[in-house]
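# Chain and residue survey
Take a look at the letters that make up each chain.
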Amino acid sequence: MEKHSLQEINENYIDVLKEIGNVGAGNAMTAIASMLSIKVNMHVPQVQLLEISKLGAVICPEEEVVVGIFLEIGSDIQGSMMFMMRMGPAKYLVNRLMGRDPDYAGDFTEMDLSALKEIGNIIAGSYLSALATMTNLVITPSIPYISIDMAASLLSVPAIEFGQYGDYVLLIETEFGNQVVLDGYFILMPDQESYDKILTALGFSM
């Protein structure tokens, strides 16, 4: 059987992927707004099929310290995903969740890191749920792992983990907030067999 990868999808299927991004981002922001008891306005997510090597240039400077939440995905599709936030949005979300001054700039505590993992888990789960709903596939995430490091170091994880599956990732960039604009980056890389399952489920001729 001829194998396809996401970079081969035509504009019609890019639109479908954008809709997955829209639904996932909407679900995620609704959950975050409820958790933090705040009003959240969401910008239209930016969806790209991107070479792994270009992730750093799109997200932020390589030396910038960011928060990365990494999960394996299983069941009907196999692969990995990561949700990344810059430190400003991460601190703001944790401070609101912990009832602190939103401008508090202290180091993260163990409880803060646990809260960040939960936030990341909710956001990642929202995107995966949208993908599962539109494809009728069962997609199960693993327990999330969290790391705080320079972007270049964190992005070496998808470069290594995802590199065994292909050269391209699905990147969804979301901006949300009210008085403060926050941004986050959802990176998805299924293995080759899972690519084919997703494309078939979306109506792509195999």
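A brief report on the enclosed structure follows. Just so you know, these numbers come straight off a predicted model, no measurement behind them.

Scanning the chain from N- to C-terminus turns up six helices and eight strands. Its helices and strands taken in sequence order, the chain reads α-β-β-α-β-β-α-α-β-β-α-β-β-α from the N to the C terminus. Within the chain, the proportion of its 206 residues that are buried is 50%. Long-range contacts, defined here as pairs at least 24 residues apart, represent 73% of the contacts in the chain between residues at least 6 apart. When the accessible surface of the chain is split by element, carbon and sulfur atoms take 50% of a total near 9,500 Å².

Glancing now at the pattern of salt bridges. Overall, the coordinates contain two salt bridges when judged by the stated rule. Ionic pairing is found between Arg-86 and Glu-64, a salt bridge with its closest N-O pair at 2.8 Å. One end of the pair, Arg-86, is in strand S4 (residues 79–86); the other, Glu-64, is in the loop between helix H2 (55–59) and strand S3 (65–75), and 22 residues separate them in sequence. Judged by relative accessible area, which is 24%, Arg-86 ranks as partly exposed. Here Arg-100 ties to Asp-112 by a salt bridge, and the two come within 3.1 Å at their closest N and O atoms.

A few words on the packing of helix H3 (residues 87–98) against helix H4 (residues 110–135). Running from amino to carboxyl end, H3 crosses H4 at an angle of 105 degrees, the nearest separation of the two axes being 10 Å. Viewed along their axes, H3 and H4 adopt a mutual orientation that is roughly perpendicular. Every residue of H4 that contacts H3 at Ala-90, Leu-93, Val-94, Leu-97 and Met-98 is listed here: Met-111, Asp-112, Ala-115, Leu-116 and Ile-119. When the residues that make up the contact of H3 with H4 are grouped by side-chain class, the tally is nine nonpolar, no polar and one charged.

Next up on the list: the packing of aromatic side chains. Counted according to the given criterion, the structure contains one aromatic pair. Sitting above the plane of the Phe-108 ring, Lys-91 keeps its charged end 4.3 Å from the centroid.

Before going further, it helps to examine the nonpolar core. As a rule of thumb, soluble globular proteins bury nonpolar side chains together. By size, the foremost hydrophobic cluster in this structure holds 41 residues, and its most contacted members are Met-81, Phe-108, Ile-139, Phe-186 and Leu-188. Only helix H1 (11–36), strand S2 (46–51), S3, S4, H3, H4, strand S7 (168–177) and strand S8 (181–190) provide two or more residues apiece to this core. For this core, the element with the highest residue contribution is H4, accounting for ten residues. Residues in contact with Leu-188, not counting those within four places in the same chain, are Ile-73, Ser-80, Met-81, Leu-128, Leu-131, Val-169 and Leu-170. The next biggest cluster of nonpolar side chains, apart from the first, holds 18 residues, and it includes Leu-50, Ile-52, Met-82 and Val-169.

So, on to unusual backbone geometry. In this model, Ser-75 sits at a positive phi of 80 degrees, which is unusual for a non-glycine residue. Here Ser-75 is to be found in strand S3. Here Asn-136, not a glycine, exhibits a phi torsion of approximately 60 degrees, which is positive. Examined against the element boundaries, Asn-136 turns out to sit in the loop between H4 and strand S5 (139–141).

For the rest of this paragraph, the subject is H3. Look at H3: 16 Å from first C-alpha to last across twelve residues, which is about the 16 Å you get at 1.5 Å a residue. Note on H3: the residue one or two positions beyond its end, Gly-99, has a positive phi of about 75 degrees.

What counts and how
- Residues numbered from 1 in each chain as written.
- Predicted model: local features only at pLDDT ≥ 70, side-chain atom pairs only at ≥ 80, totals over all residues.
- Heavy atoms only, no water.
- Helix = DSSP H or I, 4+ residues; strand = E, 2+ residues; numbered from the N terminus.
- Buried < 20%, exposed > 50% of the residue type's maximum accessible area, 1.4 Å probe, protein only.
- Contact = heavy atoms within 4.5 Å.
- Areas by Shrake-Rupley, 256 points an atom, 1.4 Å probe, with all protein chains shown as cover.
- Salt bridge = Lys/Arg side-chain N within 4 Å of Asp/Glu carboxyl O.
- Axes fitted to C-alpha atoms, helices over the stretch in contact; angles between N-to-C directions.
- Parallel < 35°, antiparallel > 145°, perpendicular 65-115°, else oblique.
- Nonpolar A, V, L, I, M, F, W, Y, C, P; charged D, E, K, R; others polar.
- Phe/Tyr/Trp six-rings, centres within 6.5 Å; stacked < 30°, edge-to-face > 60°.
- Lys NZ or Arg CZ within 6 Å of the ring centre and 35° of its normal.
- Core = buried A, V, L, I, M, F, W, Y, C linked by side-chain atoms within 4.5 Å.
- Expected span 1.5 Å × (residues − 1).

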